[in-house]
Amino acid sequence: VRTYSSFDLPEPGEPLQPPGTVALLEADVATVFALYESLSQRSVIPGINLPNPKLSYRIDKALPRSELLQALDTLLVQNGIMMIYMGTNFVKAVTENFASREAAPEISGPPASLPDSNSYMQYSFRLQHRAVNDAVPLIQPFCRLPNSVLTVPTNNTVVIRDYSANVRRILKMLQDFDVPESGEVFGDPGSRPRRK
């Protein structure tokens, strides 16, 4: 059985989910998880100490399955629960303060294709012209989660673990920042001047 995620790109001819597919009225978290499982065809693994608010939210528009999952990701994060994809069959539900201990799904592709939602992910970006450590002060204030930014100076790469909407904006900043300072282009990490 095919499974789905918040990061799926809409496919040509993909049928839209009908209006009212998401129709929650004072729903408990178990009901929202059941809807999430129905849309994603994945099993939700609930973590410990999850909050259990009553959630009301309705989408009266026909949308692709991935966009409904993005909306549910965002709704749940606003109520203290983060969904983390594991492989192709499962998704874990954890509190936000446990996120840094979890393995975020590695997503690639152009930044513009990332969802503008609170879907948790990891993205690696290799700078070509500027030193990665010089980029950290620029992007750190825009990270929402603790320990969101890791650097790998040996190959001039920054690894970002955050919500997709934040990652998307940070990547745009990195692309604008990563231009030659003096016309010099670094072809490989070994040719880059090292910081003292």
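The preceding data block contains the structure.
Conventions adopted
- Think of each chain on its own: its residues are numbered from 1, step by step along the sequence as written.
- Thresholds applied to this predicted model are a pLDDT of at least 70 for local features of residues and 80 or more for the giving and counting of side-chain atom pairs; totals over whole chains, interfaces and linings are not thresholded and use all residues.
- Working from all heavy atoms in the structure, the side-chain values ignore hydrogens and water.
- Put simply, the grid is 1 Å and covers the protein atoms alone, a cavity is a trapped set of points that fit a 1.4 Å probe, a pocket is an open set with protein on both sides within 12 Å along at least five of seven lines, and lining residues have an atom within 4 Å of a point.
- Grid points are joined across faces, edges and corners, and a volume is the space filled by probe spheres set on the points.
- Side-chain classes are defined by residue name, with Ala, Val, Leu, Ile, Met, Phe, Trp, Tyr, Cys and Pro counting as nonpolar, Asp, Glu, Lys and Arg as charged, and the others, Gly among them, as polar.
- Note on definitions: salt bridges are taken to be side-chain nitrogens of Lys or Arg within 4 Å of carboxyl oxygens of Asp or Glu.
- The way it works is that DSSP assigns letters per residue, a run of H or I at least four long becomes a helix, a run of E at least two long becomes a strand, and they are numbered from the N terminus.
- Think of it in three bands: with a 1.4 Å probe and only protein chains considered, a residue is buried below 20% of the maximum accessible area for its type, exposed above 50%, and partly exposed in between.
- Multiplying 1.5 Å by the helix residue count minus one yields the expected span of that helix.
- The directions considered for the arc are those from the helix axis to the C-beta atoms.
- Contacts are assigned to residue pairs that have any heavy atoms within 4.5 Å of one another.
- In this count, Lys and Arg are taken as positive residues and Asp and Glu as negative ones, while His and the chain termini are left out.
- Think of a polar contact as two N or O atoms within 3.5 Å of one another; within protein, one of them needs to be a possible hydrogen donor and the other a possible acceptor, and neighboring residues in sequence only count if both atoms come from side chains.

All right, on to empty space enclosed by the protein then. Inspection of the entire model under this criterion finds two cavities of 30 Å³ or more. Its boundaries defined by the atoms lining it, the largest cavity holds a volume of some 50 Å³. Taken together, the residues of the lining of the largest cavity sort by class into three nonpolar, one polar and five charged. Of the volumes computed, that of the second largest cavity is approximately 30 Å³. Looking at the second largest cavity, the residues that line it are A99, S100, Y120, L145, P146, N147, S148 and R161.

Here the focus is the pattern of salt bridges. For the structure on display, the rule yields six salt bridges. For E102, the salt bridge goes to K92, with nearest N and O atoms at 2.6 Å. Highlighted residues: E102 in the loop between β5 (90-95) and β6 (120-126) and K92 in strand β5, separated in sequence by 10 residues. Residue classification places E102 among the buried positions, given a relative accessible area of 17%. Between K172 and D176 there is a salt bridge whose closest N-O contact spans 2.8 Å. Taken together, the positions of K172 and D176, both in helix α4 (residues 164-177) and four residues apart, correspond to about one turn of that helix.

All right, on to helix α1 (residues 29-40) then. Taking 1.5 Å per residue, 12 residues should reach 16 Å; α1 reaches 16 Å between its end C-alpha atoms and fits that length. Along α1, the positions that sit buried rather than exposed are V29, V32, F33, L35, Y36, L39 and S40. All buried residues of α1 project into a common sector of 160° when viewed along the axis, lining one side. Tucked inside the fold, the buried residues of α1 contact β1 (23-27), β2 (43-46), β3 (55-58), α2 (65-78), β4 (81-86) and β5. After α1 finishes, the residue Q41 shows a positive phi value of roughly 60°.

Its location among the elements puts D162 in strand β8 (residues 157-163). No salt bridge is formed by the buried D162, whose closest oppositely charged neighbour, R144, lies at an N-O distance of 6.3 Å. In this structure the side chain of D162 is engaged in a polar contact, spanning 3.3 Å, whose partner is the side chain of S148. Here N166 takes part through its side chain, which lies 3.2 Å from a polar atom of the side chain of D162. Residues in contact with D162, not counting those within four places in the same chain, are S119, Y120, M121, C143, R144, L145, S148 and V167.

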